[in-house]
Amino acid sequence: MSAKKVTLQDLKKIVGGLEKDSEQSIGIYFFKKYRIQISKYKSSGTERYMRLYKNRRAQGRCIRCGKKIIRRNPLTGTLYRLCDYHRQITDRKKR
Ligand SMILES: [Zn+2]
């Protein structure tokens, strides 16, 4: 990504683009003696999914639907990752 020299007017447009969630605003800009970088923060679907997964897991909720889990795995004593419903359909797929 190459840096672009911008004017205050350009900067306003860039910020305006951010408000509309436009990826067009992503870039590196030079304004006066400043370097302004606009990039995405934790943006990929996988990262978002992993965060959701971790949160739900930590709260003892089904990682698919977020339903509170009450059952524990009798072998390990830990809560199941999935609610009854999702555990059932996931198990069925395996067979
Ligand atoms: Zn579920």
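Residues numbered from 1 in each chain as written. Predicted model: local features only at pLDDT ≥ 70, side-chain atom pairs only at ≥ 80, totals over all residues.

Novice: What exactly am I supposed to notice about the overall build of the chain here?
Specialist: Looking only at helices and strands, the chain features three helices and three strands. Secondary structure elements in the chain, listed N-terminal to C-terminal, are β-α-β-β-α-α. On the principal axes, the C-alpha backbone points of the chain span a range of 65 × 25 × 20 Å. Counting over 95 residues, the chain shows a buried share of 4%. (Helix = DSSP H or I, 4+ residues; strand = E, 2+ residues; numbered from the N terminus. Buried ≥ 20, exposed ≤ 12 C-beta atoms within 10 Å, placed from the backbone.)

Novice: It is not clear to me how the pairing of strand E2 (residues 27-31) should be interpreted in this structure. Could you clarify?
Specialist: Regular strands place their side chains on alternate faces of the sheet. Relative to E2, strand E1 (residues 3-5) runs parallel, the two being bridged by three bridges. Residue pairing for E2: Lys5 is matched across the bridge by Phe30. Handedness of the crossover is the feature at issue here: the chain leaves E1, passes through helix H1 (residues 8-19), returns alongside E2, and the resulting connection is right-handed. Where E2 and strand E3 (residues 34-38) come together, five bridges link them in antiparallel fashion. Across the sheet, Ile28 pairs through a bridge with Gln37, a residue of E3. Hairpin connection, E2 to E3: the antiparallel pair is bridged by two residues, and Lys32 has positive phi, about 50°. (Pairing = 2+ DSSP bridges. Right-handed = clockwise from strand over helix to strand, strands pointing away.)

Novice: Just to check I follow, could you spell out the confidence of the model for the chain for this structure?
Specialist: If pLDDT is low for a region, its predicted coordinates should not be looked at in detail. Averaged over every residue, the pLDDT of the chain is 86; residues scoring 70 or more account for 92%. Taking the mean pLDDT of every element in the chain, the minimum, 80, falls on helix H3 (residues 84-94) and the maximum, 93, on E2. (pLDDT = per-residue confidence, 0-100.)

Novice: I would appreciate a short explanation of the sheet that holds E2 in the present structure.
Specialist: Note on sheets: strands pair through backbone hydrogen bonds, and any given pair is parallel or antiparallel. The three strands lie next to each other as E1-E2-E3, forming an open sheet whose pairing is mixed. In this open sheet, the two edge strands, each paired with only one partner strand, are E1 and E3. Shown here is a sheet whose adjacent strand axes are inclined to one another by a mean of 30°, direction ignored. (Axes fitted to C-alpha atoms, helices over the stretch in contact; angles between N-to-C directions.)

Novice: Could you clarify how one ought to interpret H1 in this entry?
Specialist: For an α-helix, 3.6 residues make a turn, and residues three or four places apart therefore share a direction. Here H1 contains twelve residues, and its C-alpha end-to-end distance of 17 Å stays within 8% of the 16 Å for a straight helix at 1.5 Å per residue. Within H1, only one of the twelve residues are buried, leaving the element largely exposed. Looking one or two residues beyond H1, the residue adopting positive phi is Asp21, at roughly 65°. (Expected span 1.5 Å × (residues − 1).)

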